[in-house]
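What follows is the residue order along each chain.
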Amino acid sequence: MNIHIISVVPELLESPFSHSIMKRAAEKGLLNVTVHHLRKWAVNEYGMVDDYQFGGGAGMVMMCEPLVKAIEELSTETNFDEIIYFTPDGNRFDQPTANELSLKGNLLLICGHYKGIDQRVRDHFVTREISIGDYVLSGGELAAAVVVDAIGRLIPGVLNDETSALFDSFQDNLLAPPVYTRPEVYRDWKVPDVLLSGNHKLIEEWRYEQALHRTKEKRPDLLDRE
Ligand code: 6GU
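Residues numbered from 1 in each chain as written. Predicted model: local features only at pLDDT ≥ 70, side-chain atom pairs only at ≥ 80, totals over all residues. Heavy atoms only, no water.

S.K.: For this particular structure, what's the right way to read the packing of aromatic side chains?
M.R.: Aromatic ring pairs are described here by two measures, namely the spacing of the ring centres and the angle between the planes. For the structure shown, the criterion picks out 1 aromatic pair. Judged by centre distance (5.7 Å) and plane angle (55 degrees), the rings of Tyr186 and Trp189 are tilted. (Phe/Tyr/Trp six-rings, centres within 6.5 Å; stacked < 30°, edge-to-face > 60°.)

This is the structure in structure tokens:
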């Protein structure tokens, strides 16, 4: 999968994809992330990409021209399946959306700043708008990093069988069960006997019950989803 990201603070996106699972995905050639600095398409020599909003009010708005030039130039080389804009008023990002996006080949992500981007770019180019939750971030970069991570780990071959995403929280509308590692006893806190029993059927049943219990306690809303 190829992901291109347009940002006015590309430095924010340098580290998130350079470590751990995302790094491995890149090394295997399964995920290519390219970050583009919007200033490259600025309207003047001062690097201007934003301006005051019509109608008055505090905060700058990212202008049409730099964004449209960036989108059109990048689109000459890549046929994007989706052009995604990150905004608090977008659709709430969730696991089904991550699953769906992980099947795409080429994505273009646009990170907004300040008051957001000129509505005309949203109307004429953006195919999907995403929010990562009901709170306001100072820009779309951290949201983009969250979404790329969630998508990237689902690309076939990125995770091995051991860490398979099939067993993640949310994949079956259940939270994941508790996990333990060595030692069997730490202080006087013991690992549940069943996990040491070697009985795989019992262990599976226990894990399912724990997942169900946890979900009822913490996120009963998940159990009402189809
Ligand atoms: Cl995608 N962007 C911004 N700026 N704030 C957010 C968000 C996105 N999702 C939740 N809050």
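S.K.: Just to check I follow, could you spell out the domain arrangement of the protein for this structure?
M.R.: Partitioning the protein into structural domains gives domain 1 (2-152) and domain 2 (169-224). One C-alpha centre belongs to domain 1, the other to domain 2; they are set 37 Å apart. (Domains from an automatic or database assignment.)

S.K.: For this particular structure, what's the right way to read a nonpolar patch on the surface?
M.R.: A cluster of nonpolar side chains, contributed by Tyr135, Leu137 and Leu142, occupies part of the molecular surface with about 280 Å² of accessible area. Turning to its location among the elements, Leu137 is positioned in the loop between strand 7 (128-131) and helix 5 (141-152). Residue classification places Leu137 among the partly exposed positions, given a relative accessible area of 35%. (Patch = residues over 30% accessible without salt bridge, like charges linked within 9 Å, V, L, I, M, F, W, Y side chains within 5 Å. Areas by Shrake-Rupley, 256 points an atom, 1.4 Å probe, with all protein chains shown as cover. Salt bridge = Lys/Arg side-chain N within 4 Å of Asp/Glu carboxyl O. Helix = DSSP H or I, 4+ residues; strand = E, 2+ residues; numbered from the N terminus. Buried < 20%, exposed > 50% of the residue type's maximum accessible area, 1.4 Å probe, protein only.)

S.K.: What is the right way to look at the sheet that holds strand 1 (residues 2-7) in this model?
M.R.: By way of backbone hydrogen bonds, the strands of a sheet pair with one another, either parallel or antiparallel. The strand order 2-1-6-5-7 describes an open sheet built from 5 strands, whose pairing is parallel. With partners counted over all chains shown, the strands left at the sheet margins are strand 2 (32-37) and strand 7, one partner each. Going from strand to strand, the sheet's axes swing by 30 degrees on average, the running direction of each strand aside. Where strand 1 lies against strand 2, 6 bridges are found, and the strand directions are parallel. Each residue of the ladder has a partner; that of Ser7, found in strand 2, is His37. Of the strands in this sheet, strand 1, strand 2, strand 5 (82-92), strand 6 (106-111) and strand 7 touch helix 5, which is tilted by about 155 degrees from strand 6. (Pairing = 2+ DSSP bridges. Axes fitted to C-alpha atoms, helices over the stretch in contact; angles between N-to-C directions. Contact = heavy atoms within 4.5 Å.)

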